[in-house]
Every structure is written in C-alpha cells, then in structure tokens.
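Fold and geometry: a report
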Amino acid sequence: MNLQLDLTAVDRERALRTWLVFHGMDLFEIAGKLRVAHSTVSRLIKRDRASMRRIEQLHGLGIPRELLPNPK
C-alpha cells in the first residue's frame, strides 16, 4: 500500500499532529527530549508563533519547518 498524505488540505496544527502520528512521535516523547512538560509541547503546536529556539529544537527532532509555528 502506498499512502500519501496531502497535508496542504488541512490547517497547520492538524497537519503537524497528523505528521507526528504518522511518524510515531507523541507529545510525551517530544517533551522528554526538550525537557519540558507535555502541555508545553501541546501549546507550541497550537500557537501561531513560537520562539526561534523552540522552533529549532522541534526541527532538530526531524519535524519539517513548514509544519511548525512562525517565529516570534
């Protein structure tokens, strides 16, 4: 089966959450790697803007930049 996700058909937050599920990443795993609470990661995903530091940390985990919030 060849599954292709068209993440352009949904908003950024939903696209990011879909990407995370597809790649087997959950908020607790990300939080542990960033050394923050999972609620912090949840807020980062929901926000339209985030600090460049957090964006770089998330990108460093392999998350595509286009799915991350804009820098402040």
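What you are looking at is a predicted structure, and each value in this text was computed from that prediction instead of being measured.

1. Side note on the nonpolar core
One finds Leu16, Leu20, Ile30, Val41, Leu58 and Ile63 to be the most contacted residues of the largest nonpolar core, which totals 19 residues. Of all elements in the fold, only helix 1 (12-22), helix 2 (27-34), helix 3 (38-46) and helix 4 (52-60) reach the threshold of two or more residues within this core. Look past the residues within four positions of Ile30 in its chain and what remains in contact with it is Leu20, Met25, Val41, Leu58, Leu61 and Ile63.

2. As for empty space enclosed by the protein
Inspection of the entire model under this criterion finds one cavity of 30 Å³ or more. The calculated volume of the largest cavity comes to roughly 30 Å³. Lining of the largest cavity is provided by Leu16, Leu20, Ile30, Val41, Ile45, Leu58, Ile63 and Leu68. Secondary structure elements with two or more residues in the lining of the largest cavity: helix 1 and helix 3. Class assignment of the residues belonging to the lining of the largest cavity gives a composition of eight nonpolar, no polar and no charged.

3. What about a positive patch on the surface?
A surface patch of positive charge is lined by Arg43, Arg47, Arg49 and Lys72. With respect to the element layout, Arg47 can be found in the loop between helix 3 and strand 1 (49-50).

Rules used throughout
The written sequence of each chain sets the order in which its residues are numbered from 1. For this predicted model, a pLDDT threshold of at least 70 governs which residues receive local features, and a threshold of 80 or more governs which side-chain atom pairs are given and counted, while totals over whole chains, interfaces and linings are taken from all residues. With hydrogens and water excluded, all non-hydrogen atoms of the structure serve as input to the side-chain values. Nonpolar core, defined: a set of buried Ala, Val, Leu, Ile, Met, Phe, Trp, Tyr and Cys residues in which side-chain atoms within 4.5 Å join the residues together. A 1.4 Å probe rolled over the protein chains alone gives each residue an accessible area, and that area as a share of the maximum for its type sets the label: buried under 20%, exposed over 50%, partly exposed in between. Starting at the N terminus, helices and strands are each numbered in turn, a helix being any DSSP run of H or I of at least four residues and a strand any DSSP run of E of at least two. Throughout, a contact is declared for two residues whenever any of their heavy atoms are within 4.5 Å. Using only the protein atoms, space was sampled on a 1 Å grid; points where a 1.4 Å probe fits but cannot get out form cavities, open sets with protein on both sides within 12 Å along at least five of seven lines form pockets, and lining residues are those with an atom within 4 Å of a point. Grid points are joined across faces, edges and corners, and a volume is the space filled by probe spheres set on the points. The nonpolar class holds Ala, Val, Leu, Ile, Met, Phe, Trp, Tyr, Cys and Pro. Asp, Glu, Lys and Arg form the charged class, and all remaining residues, Gly among them, are polar. Patch criteria: residues need more than 30% relative accessible area and no salt bridge. Like-charged residues are merged within 9 Å; nonpolar side chains of Val, Leu, Ile, Met, Phe, Trp and Tyr are merged within 5 Å. Only the protein chains shown count as covering a residue, and every accessible area follows the Shrake-Rupley method with a 1.4 Å probe. Definition used for salt bridges: Asp or Glu carboxyl oxygen within 4 Å of a side-chain nitrogen of Lys or Arg. Neither His nor the chain termini are counted; the positive set is Lys and Arg, and the negative set is Asp and Glu. Note on charges: their place is set at NZ of Lys, CZ of Arg, CG of Asp or CD of Glu.

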